[in-house]
Amino acid sequence: MAELSSWNELPLGGTVGPADSPRPLTGGWRTGEVPAADVSRCVNCLLCWIYCPDSAIVLEGETFTGFDLDYCKGCGICAEVCPADAIAMVAE
Amino acid sequence: MSDLQLLTGGEAVAHAMRQVDPDVVPVYPITPQTPIIQTFAKFVADGKARTEIVNVESEHSAMSAAIGAALAGARTMTATSSQGLALMAEVVYIAASMRAPIVMALGNRALSGPINIHCDHSDSMLIRDSGVVQLFAENAQEAYDLTLIAPRLAEHPDVLLPVLVCQDGFTITHSAEPVALLPDEAVPRFVGDYCIPHPVLDVARPTTQGPFAMPDYYFEFRRQQAAAIEAALPAFEEVAAEFALVAGRRYGVVEEYRLDGASTAIVALGSSAGTVKDVVDELRDAGEAVGLLKIVSFRPFPAAAVAHALANVETVTVLDRADSPGGAPPLRAEVAAALYGSGCELRGSVYGLGGRDLHPTDIRAVYAGGNVSHIGLRGASCHA
């Protein structure tokens, strides 16, 4: 941890920029289940991308390609909302 | 040149808002503020301002929306009174902490209870320590002028805080007087473009705003806020000097009225200063050495200017239109701190709660040496 700043060194009102905070990989919070995709069934509706609370759905342009497991916490919302049964939660 | 119109304080402030033409006004109606937003909403409906008025469901939401708009990059104004400010209070603190330069018109009104719609300053004093700037107008003209000064002060790079322009409910908000308006085209030139350091909608520079602060940082953020509001004193003088070039009317953080050689002075906020001035004129004509110190900026409190203005006065009476049950009334406490060690005799009277009138005879009695704890109160007694 860097040295604590003095009051007159702080950003105005506590504004935080992209470089100002550490970026811990929160995927380590998963507790045993991880999403797996059958891309052949995917209709690319992107509901998983809309619902994912951790922005862990990876797109190429506007096409679903998989998951960012550095940030996926294994909540299973993507598998739940997928209308094509293209996502399943599997043991990690 | 100036265009003189017969306007209430509420209408005058609505004209100031029309001329500033803020981007967003989230607002909820409440007496005695309502004429401000009612008049302004008509200007918007008639196409005389391009403002997005957000009709929110409460004052808590009004200030919340105002923070979002102001930090997104939109010049934002709102208005409220009394219970509305009380409901808003939680979010007012956050607006100050997030350094959102929101301008708010306050029609000062007594806080419940008992419920009352008339003027006193208890609503202002409720948010005394929130970190927002509070300017008090004496009349409709000052309410208009301070509303034009306010955006410049709020958005000043050393300040970046909410600024409240306080006008006494009914006494100013609903009383018509001749008001000199600036030409419409002069106002945008004076207020300039809205500019804040980190607009949230600046996608090229993404930011998180309003983060959590633990014991290791909260104290530092509070100190930063204190420095910002202290900077509002010199910033006010700077903006007021520019305003004087445009309007020909010069404001200070205090107004010294016939204090030269005065042995007895009154200190007051708001419309009562006008009544006191009349009595001062009358007594000066009769050869008495009396004067008035009007506080324009209550927050930040101009302690040095107060001490300087009252340096040679023997007896000072502070008139408070708000009480602090169990403690010193707020204005008296500030003046006492500013004058500590000066040797003058300091007195104080609470007056006008819930809209009770302050009469010239009451003020004459103060100048005559009467020392009453509560002016105009039935059963009032003199200080021991």
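Residues numbered from 1 in each chain as written. Chains lettered and ligands numbered in written order. Predicted model: local features only at pLDDT ≥ 70, side-chain atom pairs only at ≥ 80, totals over all residues.

Draft legend 1. Geometry of the overall build of chain A. A count of helical and extended segments in chain A gives two helices and four strands. Moving toward the C terminus, one meets the helices and strands of chain A in the order β-α-β-β-α-β. Its C-alpha radius of gyration of 18 Å places chain A more than 25% over the 12 Å reference for a compact globule of 92 residues. Sequence separation of 24 or more characterises 66% of the internal contacts of chain A that already satisfy a separation of 6 or more. (Helix = DSSP H or I, 4+ residues; strand = E, 2+ residues; numbered from the N terminus. Rg over C-alpha atoms; globule rule 2.2 N^0.38 Å. Contact = placed C-beta atoms within 7 Å.)

Draft legend 2. Looking closely at the pairing of strand β4 (residues 77-80) of chain B. Burial along β4(B) is two-sided: the face carrying B:Met77 and B:Ala79 and the face carrying B:Thr78 and B:Thr80 are both buried. Chirality of the crossover, the property in question, places the unit of β4(B), helix α4 (residues 82-97) of chain B and strand β5 (residues 103-108) of chain B among those that are right-handed. (Buried ≥ 20, exposed ≤ 12 C-beta atoms within 10 Å, placed from the backbone. Right-handed = clockwise from strand over helix to strand, strands pointing away.)

Draft legend 3. Representation of the sheet that holds strand β9 (residues 254-257) of chain B in the model. Residue and element names in this part refer to chain B. Strand order in the open sheet made by the six strands is β9-β11-β10-β13-β14-β15, with mixed pairing throughout. At either end of the open sheet lies a strand with only one pairing partner, and these are β9 and β15 (374-375). Where strand β10 (residues 264-269) meets strand β13 (residues 315-320), four bridges bridge the pair, whose relative direction is parallel. Across the sheet, the residue bridging to Ile266 is Thr317, located in β13. The strands touched by helix α10 (residues 272-285) within the sheet are β9, β10, β11 (290-295) and β13, with β11 carrying the most contacts at an inclination of about 165°. In the packing of helix α13 (residues 360-367) onto the sheet, the strands contacted are β10, β11, β13, β14 (345-351) and β15, and the crossing angle to β10 comes to about 140°. (Pairing = 2+ DSSP bridges. Axes fitted to C-alpha atoms, helices over the stretch in contact; angles between N-to-C directions.)

Draft legend 4. Molecular detail of the interface of chain A and chain B. Counting from both sides, the interface comprises 12 residues of chain A and, opposite them, 19 residues of chain B. Here the residues of the side of chain A that touches chain B are counted per class, giving six nonpolar, six polar and no charged. (Nonpolar A, V, L, I, M, F, W, Y, C, P; charged D, E, K, R; others polar.)

Draft legend 5. A look at the packing of helix α1 (residues 9-20) of chain B against helix α2 (residues 34-45) of chain B. Residues and elements named next belong to chain B. Relative to each other, α1 and α2 sit at 40°, their axes nearing to 8 Å. Comparing their axes, α2 and α1 come out oblique. The interaxial crossing formed by α1 with α2 has right-handed handedness. The segment α1 lies against α2, with Gly10, Glu11, Val13, Ala14, Met17 and Arg18 engaging Pro35, Ile36, Thr39, Phe40 and Phe43. Residues of the contact of α1 with α2, tallied by class, amount to seven nonpolar, two polar and two charged. (Parallel < 35°, antiparallel > 145°, perpendicular 65-115°, else oblique. Left-handed = near helix turned anticlockwise from the far one by under 90°.)

Draft legend 6. Examining the environment of B:Gln141 more closely. Residue and element names in this part refer to chain B. Among the secondary structure elements, Gln141 is positioned in helix α6 (residues 140-154). Each C-alpha atom, one on Gln141 and one on Gly291, is 22 Å from the other, the two residues being 150 residues apart in sequence. When sequence neighbours within four positions are dropped, the list of residues in contact with Gln141 reads Val179 and Ala180.

Draft legend 7. Representation of unusual backbone geometry within the structure. The residue after B:Ser112, namely B:Gly113, is reached through a cis peptide bond having omega 5°. With respect to the helices and strands, the residue B:Gly113 is situated in the loop between β5 and α5 (122-126). Across the junction of B:Arg299 and B:Pro300, the peptide omega takes the value -5°, indicating a cis bond. Within the secondary structure, B:Pro300 is located in the loop between β12 (297-299) and α11 (303-309). At A:Ser55, a position not held by glycine, the phi torsion is positive, near 50°. Position of A:Ser55 among the secondary structure elements: in the loop between α1 (47-51) and β2 (57-60). The backbone of B:Arg99 sits at a positive phi, close to 60°, despite the residue not being glycine. In this structure, B:Arg99 sits in the loop between α4 and β5.

Draft legend 8. Broad picture of the nonpolar core. Ranked by size, the top nonpolar core spans 120 residues in total, and within it B:Leu153, B:Leu161, B:Val163, B:Val165 and B:Val267 carry the most contacts. Ranked by residue count, the leading element in this core is α6(B), at nine residues. Here B:Leu161 is in contact with B:Ala96, B:Arg99, B:Pro101, B:Gly131, B:Val132, B:Val133, B:Ala154, B:Ala228, B:Ile229 and B:Ala232, once residues within four sequence places are set aside. One finds A:Phe67, A:Cys72, A:Ala86 and A:Ile87 within the second-largest nonpolar core, a separate group that totals 11 residues. (Core = buried A, V, L, I, M, F, W, Y, C linked by C-beta atoms within 7 Å.)

Draft legend 9. Representation of the packing of helix α3 (residues 59-72) of chain B against α4(B) within the structure. Residues and elements named next belong to chain B. One way to put it is that α3 packs onto α4 with a least axis distance of 7 Å and a crossing angle of 25°. Comparing their axes, α4 and α3 come out roughly parallel. With respect to the hand of their crossing, α3 and α4 are arranged in right-handed fashion. Where α3 approaches α4, its residues Glu59, His60, Ala62, Met63, Ser64, Ala66 and Ile67 are matched on the opposing element by Gly84, Leu87, Met88, Glu90, Val91, Val92, Ile94 and Ala95. Among the residues making up the contact of α3 with α4, the classes are represented as 10 nonpolar, three polar and two charged.

Draft legend 10. Quick look at helix α12 (residues 330-339) of chain B. All names here are of chain B. With seven of its 10 residues buried, α12 lies for the most part within the structure. Contacts from the buried residues of α12 go to α5, β10, β11, α11, β13 and β14. Gly341 lies just past α12 and shows a positive phi near 85°.

Draft legend 11. Structural view of the environment of A:Pro35. By secondary structure assignment, the location of A:Pro35 is in strand β1 (residues 33-37). C-alpha separation for the pair A:Pro35 and A:Cys48, spaced 13 residues apart in sequence, amounts to 11 Å.

Draft legend 12. Region of interest: the sheet that holds β4(B). Residue and element names in this part refer to chain B. Strand order in the open sheet formed by five strands is β4-β5-β7-β6-β12, with mixed pairing between adjacent strands. A strand with exactly one partner marks an edge of an open sheet, and here the two such strands are β4 and β12. Recorded for the sheet is a direction-independent mean angle of 25° between the axes of neighbouring strands. Summarising the sheet, β5 and strand β7 (residues 163-168) pair through six bridges and their orientation is parallel. Bridge pairing in β7 places Ala105 opposite Val165.

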